[in-house]
Amino acid sequence: MFVTLAVTICAAPPAQDEPLSPYAETLHEWWGAPEDAVATRQAEDQASMNILGIDYLRLDFTDCIYRGNPEKGEWYYNSDAELFGQVHPTDLMLADKIAKTLVERVSRKKGTMLYAPLTVGHQVDHQLTHAAAWQLRQQGWTVLFYEDYPYADPDFTPHGLENTAGLESTLNRLQNLNLQPQLQFLSEENLQAKIDSIAAYDSQMAILFETRAKMEDQVRNYALGVGEDKPAERLWIPTD
């Protein structure tokens, strides 16, 4: 019997006595200005996982928009361009900490498979998680990479920016990993559950898709495109 566990890496709230950056405050406004943005996201996580019927685990790392030296008024990521840019040099060591924490918190049994972001879109926390997953693969874990959605959709523009890190350019950047595609076909029931689980993140709907109806159309069309008229997801498997 297999157990599916969804792990949210950057799930910890910022310290209550630390100020937020202007960029983080702007994002909070886009999310509907909740009184506690992290608690809101945690509740959305739980609702989404309940729809999928899977367990979940939240780790004690903060989202990239909160990291830096708030007491000095310094943050690592202060704009959309930096959010989808290079990992801040001081942040690079976080990949090691993520890998170590996953080893400590996730039970590794025979047949355990780790699904990690491919880094389409080049979001910095996805980059760090990808690097951590690669470390675990070097330790013998079975690792598969999923296409970061919605960034993998060629029609999606992250926060209105041109998506310069689409699927093709990401695969070119990672060509030394010798990744091979593998399709996972979805039943209509599977696809609808995926759509409903995405819809659980109400605070993200406007900024990413504008409306739920548009989200449902985009998710369905992308799945049909991947499977050539049969709904599917595509994983990327390292062959070395």
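Residues numbered from 1 in each chain as written. Predicted model: local features only at pLDDT ≥ 70, side-chain atom pairs only at ≥ 80, totals over all residues. Heavy atoms only, no water.

Colleague: Now, about the overall build of the protein: what can you tell me, with residues and values included?
Modeller: Along the protein, the regular secondary structure elements total 9 helices and 8 strands. Taken over C-alpha atoms, the radius of gyration comes to 18 Å for the protein, in line with the 18 Å a tight globule of 240 residues would show. Along the first, second and third principal axes, the C-alpha atoms of the protein reach 50 × 45 × 35 Å. For the protein, buried positions account for 43% of its 240 residues. For the protein, restricting intrachain contacts to residue pairs at least 6 apart in sequence, the fraction spanning at least 24 positions comes to 79%. Accessible area of the protein: about 13200 Å², with a carbon and sulfur share of 49%. Seen as two clouds, the 18 positive and the 36 negative side-chain charges of the protein have centres 9 Å apart. (Helix = DSSP H or I, 4+ residues; strand = E, 2+ residues; numbered from the N terminus. Rg over C-alpha atoms; globule rule 2.2 N^0.38 Å. Buried < 20%, exposed > 50% of the residue type's maximum accessible area, 1.4 Å probe, protein only. Contact = heavy atoms within 4.5 Å. Areas by Shrake-Rupley, 256 points an atom, 1.4 Å probe, with all protein chains shown as cover. Lys, Arg positive; Asp, Glu negative; His and termini not counted. Charge placed at Lys NZ, Arg CZ, Asp CG, Glu CD.)

Colleague: How would you explain a nonpolar patch on the surface if you had to name every residue and give the values?
Modeller: There is a patch of nonpolar side chains on the surface, built from Met 113, Tyr 115 and Tyr 146 and spanning about 290 Å² of accessible area. Along the polypeptide, Tyr 115 turns up in strand β5 (residues 113-117). Relative accessible area serves as the criterion here: at 42%, Tyr 115 is assigned to the partly exposed category. (Patch = residues over 30% accessible without salt bridge, like charges linked within 9 Å, V, L, I, M, F, W, Y side chains within 5 Å. Salt bridge = Lys/Arg side-chain N within 4 Å of Asp/Glu carboxyl O.)

Colleague: How would you summarise the pairing of strand β6 (residues 142-146) if you had to cite specific residues and measurements?
Modeller: As defined by bridge partners, β5 adjoins β6 across 5 bridges and the pair is classed as parallel. Residue Ala 116 lies in a different strand from β6, and its bridge partner there is Phe 145. As a crossover connection, the stretch from β5 through helix α5 (residues 124-138) into β6 is right-handed. Strand direction decides the pairing type here: β6 and strand β8 (residues 232-238), joined by 2 bridges, are antiparallel. Looking at the pairing, Tyr 146 lines up with Leu 235 of β8. (Pairing = 2+ DSSP bridges. Right-handed = clockwise from strand over helix to strand, strands pointing away.)

Colleague: So what's going on with unusual backbone geometry? Residues and values would help.
Modeller: A cis amide bond, omega 10°, links Tyr 149 with the succeeding residue Pro 150. Along the polypeptide, Pro 150 turns up in the loop between β6 and α6 (167-173). At Glu 210, a residue that is not glycine, the phi angle is positive and equals roughly 80°. Tracing the chain through its elements places Glu 210 in the loop between α8 (202-209) and α9 (212-226).

Colleague: Any chance you could break down the side chain of Asp 45 for me, citing the residues and the numbers?
Modeller: The topology assignment puts Asp 45 in helix α2 (residues 37-52). Those residues within four positions of Asp 45 in sequence are excluded, and the remaining contacts are Thr 8, Arg 58 and Tyr 201.

Colleague: Describe the layout of surface pockets, and please don't skip the residues or the numbers.
Modeller: There is about 230 Å³ of room inside the second largest pocket. Tallied by class, the residues present in the lining of the second largest pocket amount to 8 nonpolar, 2 polar and 3 charged. (1 Å grid on protein atoms, 1.4 Å probe; cavity = no way out; pocket = protein on both sides within 12 Å on 5 of 7 lines; lining within 4 Å. Points joined across faces, edges and corners; volume = space filled by probe spheres on them. Nonpolar A, V, L, I, M, F, W, Y, C, P; charged D, E, K, R; others polar.)

Colleague: Please provide a residue-by-residue account of the pattern of salt bridges, values included.
Modeller: The final tally for this structure, using the stated rule, is 10 salt bridges. In this structure, Lys 100 and Glu 104 form a salt bridge, with 2.5 Å as the shortest nitrogen-oxygen distance. With a gap of 4 residues between them, Lys 100 and Glu 104 both fall in helix α4 (residues 94-105), about one helical turn apart. Here Arg 220 makes a salt bridge to Glu 188, at a shortest N to O gap of 3.1 Å.

Colleague: Requested: an account of α2, with residues and values cited.
Modeller: Between its first and last C-alpha, α2 extends 23 Å over 16 residues, near the 22 Å set by a 1.5 Å rise per residue. Taken together, the buried positions of α2 are Ala 37, Val 38, Glu 44, Asp 45, Ser 48 and Met 49. In a view along the axis of α2, the buried residues occupy a sector of 130°, so they form one face of it. Of the surrounding secondary structure, the elements contacted by the buried residues of α2 are β1 (5-8), α1 (22-30), β2 (55-58), α7 (188-199) and α8. Phi turns positive one or two residues past the end of α2, at Gly 53, with a value near 70°. (Expected span 1.5 Å × (residues − 1). Arc of directions from axis to C-beta.)

Geometric values such as these leave the question of function open.
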